[in-house]
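# Coordinates in review
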Amino acid sequence: GENVEQHPSTLSVQEGDSAVIKCTYSDSASNYFPWYKQELGKGPQLIIDIRSNVGEKKDQRIAVTLNKTAKHFSLHITETQPEDSAVYFCAAIHGSGNTGKLIFGQGTTLQVKP
Amino acid sequence: KAGVTQTPRYLIKTRGQQVTLSCSPISGHRSVSWYQQTPGQGLQFLFEYFSETQRNKGNFPGRFSGRQFSNSRSEMNVSTLELGDSALYLCASSPRVSSNYNEQFFGPGTRLTVL
């Protein structure tokens, strides 16, 4: 069935270091992969997304890479700051996107130590 | 533009009761999806509404239902509440102009506690 696996479940880095979170998905028809950041007491916030016709996308300190053959996608955060501390979720759209169903990974708790 | 709003933010109910949660999407967005978030199961899709029609449904029992109004506002209802229904219920709004427009923007959620 449809599934998204996310690793690691927790990640602790020093301020200024890079952080990498990896996800794999099972539905080969998926063509849209968003990443969300969720802070305590808030809803998930869309921080970056990538579509299957693109291999990499950057937005300032955040980048996402996609390997469709291997069904892997990753989030890279460079020059981490304490305010990057949050739970990060990867997701894949169900099928080719005709519905609004996102399949989420289990989340990664990122702690950035000052 | 104002973001997605959800009401109420917090709710306490007892087993057997029913509850209705409300979501107002971003202005101009026609799609509303609902998700349940729990520590054990993570974020799970409940259903999506587009132009007042349910487009897809997740693997939840029939006690979970929803609807969408002509102004795109949506409500979800849970009947005969069980302890396991305690969760954060999130609503996500999407423009859904075509299948290429899949960005979903979440509201703050409604925290439901069932006693």
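A brief report on the enclosed structure follows. (Residues numbered from 1 in each chain as written. Chains lettered and ligands numbered in written order. Predicted model: local features only at pLDDT ≥ 70, side-chain atom pairs only at ≥ 80, totals over all residues. Heavy atoms only, no water.)

## Considering the interface of chain B and chain A
Where the parts come together, the accessible area they lose is often given as the size of the interface. Selection criterion: By the convention used here, residues are in contact when the closest approach between their heavy atoms is within 4.5 Å. Accessible-area loss on putting two parts together, using a 1.4 Å probe and summing over both, is the definition of buried area adopted here. Every case where a carboxyl oxygen of Asp or Glu lies within 4 Å of a side-chain nitrogen of Lys or Arg is listed as a salt bridge. Any pair of nitrogen or oxygen atoms within 3.5 Å is treated as a polar contact; in protein, a donor-acceptor pairing is required on top of that, and neighbouring residues in sequence qualify only through side-chain atoms on both sides. Numbering of helices and strands starts at the N terminus; helices are DSSP runs of H or I of at least 4 residues and strands are runs of E of at least 2. Each residue gets one of three labels, nonpolar for Ala, Val, Leu, Ile, Met, Phe, Trp, Tyr, Cys and Pro, charged for Asp, Glu, Lys and Arg, and polar for the others, Gly among them.
Opposite the 24 residues of chain B that make contact, chain A presents 21 residues. Summed over both sides, the interface between chain B and chain A buries roughly 1,800 Å², with carbon and sulfur atoms accounting for 48% of that surface. At the junction of chain B with chain A, the criterion picks out one salt bridge. Scanning the region where chain B abuts chain A turns up four residue pairs in polar contact (both at pLDDT 80 or more). At the level of elements, β4 (31-38), β5 (42-50), β6 (53-57), β9 (87-94) and β10 (105-106) of chain B are the ones that each hand at least two residues to the side of chain B that touches chain A. The biggest single contributor to the side of chain B that touches chain A is β5 of chain B, with four residues. For the side of chain B that touches chain A, the residue count by class is eight nonpolar, 11 polar and five charged.

## Observations regarding the pattern of salt bridges
It is possible for side chains of opposite charge to pair when their charged atoms get near one another. Rules: The buried label applies to any residue whose accessible area, calculated with a 1.4 Å probe on protein chains only, is under 20% of its type's maximum; exposed applies above 50%, and partly exposed to all values in between.
All chains considered together, the criterion is met by 10 salt bridges over all chains. Of the charged contacts in the structure, one is a salt bridge between Glu75 of chain B and Arg67 of chain B, with a shortest N-O distance of 3.3 Å. Arg67 of chain B sits in the partly exposed class, given a relative accessible area of 47%. Through salt bridges that share partners, Lys37, Glu39 and Lys42 of chain A make up one connected network.

## Points about the pairing of strand β6 (residues 56-59) of chain A
Residues and elements named next belong to chain A. Under the convention used in this document: Two strands are said to pair when DSSP picks up at least two bridges between them.
Where β6 and strand β7 (residues 62-67) come together, four bridges link them in antiparallel fashion. Bridge pairing in β7 places Glu56 opposite Thr65. Between β6 and β7, which pair antiparallel one after the other, the connecting turn spans two residues, and Gln60 there sits at a positive phi close to 55 degrees.

## So, the sheet that holds strand β3 (residues 19-25) of chain A
Residues and elements named next belong to chain A. We apply this condition: Angles shown run from 0 to 180 degrees and are taken between the N-to-C directions of axes, each axis being a line fitted to C-alpha atoms and, for helices, limited to the stretch in contact.
Taken together, the five strands give an open sheet; going across it, the order is β1-β3-β8-β7-β6, and neighbouring strands pair in antiparallel fashion. Only two strands of the sheet have a single partner each, and these edge strands are β1 (4-7) and β6. Strand-to-strand twist of the sheet, defined as the mean angle between neighbouring strand axes without regard to direction, takes the value 15 degrees. The sheet contact formed by β3 and strand β8 (residues 72-77) spans six bridges and is antiparallel. For Ala19, the partnering residue across the bridge sits in β8 and is Ile77.

## As for unusual backbone geometry
With an omega of -5 degrees, the peptide bond running from His7 of chain A to Pro8 of chain A counts as cis. Along the polypeptide, Pro8 of chain A turns up in the loop between β1 and β2 (10-14). Note that the residue after Thr7 of chain B, namely Pro8 of chain B, is joined by a cis bond; omega there is -10 degrees. Among the structural elements, Pro8 of chain B can be located in the loop between β1 (5-7) and β2 (10-13). For Ser51 of chain B, which is not glycine, the phi torsion reads 50 degrees and is therefore positive. Looking at the secondary structure, you find Ser51 of chain B in the loop between β5 and β6. Using a relative accessible area of 36% as the deciding quantity, one classes Ser51 of chain B as partly exposed. The backbone of Ser72 of chain B shows a phi angle near 75 degrees, a positive value even though the residue is not glycine.

Treat this as a map of the structure, not an account of what it does.
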